[in-house]
Amino acid sequence: SQQGEEDPQALSIQEGENATMNCSYKTSINNLQWYRQNSGRGLVHLILIRSNEREKHSGRLRVTLDTSKKSSSLLITASRAADTASYFCATERNDYKLSFGAGTTVTVRA
Amino acid sequence: GAVVSQHPSRVICKSGTSVKIECRSLDFQATTMFWYRQFPKKSLMLMATSNEGSKATYEQGVEKDKFLINHASLTLSTLTVTSAHPEDSSFYICSARVYRGSEQYFGPGTRLTVT
């Protein structure tokens, strides 16, 4: 079942600006992962943060995790047109299955 | 990184026919494969978990007789949509992992259109 809720649903920003999206979940998790999906394509794994971690960086990506609030955020800095995509959070539950959030559609304007 | 392929990438079939979708792990052995369904502009919904050599386990609300899953080897799982109807039109995505707790690697998806 789906347990992640993401906001905003859609985000439109100018190239060079930062994009922030949030994900909330309901049950305990092993880890939380962020994926990118270009229109009509498969998923690209971006970053994984474990339940005992609070922040993680990968290139222009910064992910935070607050297990007390059951929430995570993904920050994309200095956005580029190529960052235009849908972004999904996915929580790995204790049964090692992934539950995906509803996704945030990001449009980066040149 | 690990590569998962799906075949076909797109398929159009007539209502009432069956369609088989293949999911292959190309450079690793996957003890578990997962099948997801995604509606337009929606999230991925887990349909079933497929373990090599055993019966698939289906999520609540997914008809196992409608969506037949076979995981005959450590590199191949198949999803067969039986007696397809237009409401089965969707984007089907598989993923594979080496062991429990390891990362899932996703295939590129299969777009099914039932006319």
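Above: the structure in question.
Remember, it's a predicted structure, so these values are computed and weren't measured experimentally.

Trainee: Could you give me a rundown of the overall build of chain A, with the residues and numbers involved?
Mentor: Helix and strand content of chain A: 0 helices and 11 strands. For chain A, whose C-alpha radius of gyration is 13 Å, the value lies close to the compact-globule estimate of 13 Å for 110 residues. Based on the C-alpha atoms only, the size of chain A along its principal axes is roughly 40 × 30 × 20 Å. Going through the 110 residues of chain A one by one, you find that 46% of them count as buried. Residue pairs in contact within chain A that sit at least 24 positions apart in sequence constitute 53% of those at least 6 positions apart. In the structure as shown, chain A presents an accessible area of about 5,100 Å², 44% of it carried by carbon and sulfur atoms.

Trainee: So what's going on with the sheet that holds strand 8 (residues 76–81) of chain B? Which residues, and what values?
Mentor: Residue and element names in this part refer to chain B. Sheet architecture is open: 4 strands sit in the order 1-3-8-7, paired in antiparallel fashion. This sheet does not close on itself; its edge strands, each paired only once, are strand 1 (4–7) and strand 7 (67–73). On average, each strand axis in the sheet is inclined to that of its neighbour by 15 degrees, with strand direction left out of account.

So, how was this worked out
Residues numbered from 1 in each chain as written. Chains lettered and ligands numbered in written order. Predicted model: local features only at pLDDT ≥ 70, side-chain atom pairs only at ≥ 80, totals over all residues. Heavy atoms only, no water. Helix = DSSP H or I, 4+ residues; strand = E, 2+ residues; numbered from the N terminus. Rg over C-alpha atoms; globule rule 2.2 N^0.38 Å. Buried < 20%, exposed > 50% of the residue type's maximum accessible area, 1.4 Å probe, protein only. Contact = heavy atoms within 4.5 Å. Areas by Shrake-Rupley, 256 points an atom, 1.4 Å probe, with all protein chains shown as cover. Pairing = 2+ DSSP bridges. Axes fitted to C-alpha atoms, helices over the stretch in contact; angles between N-to-C directions.

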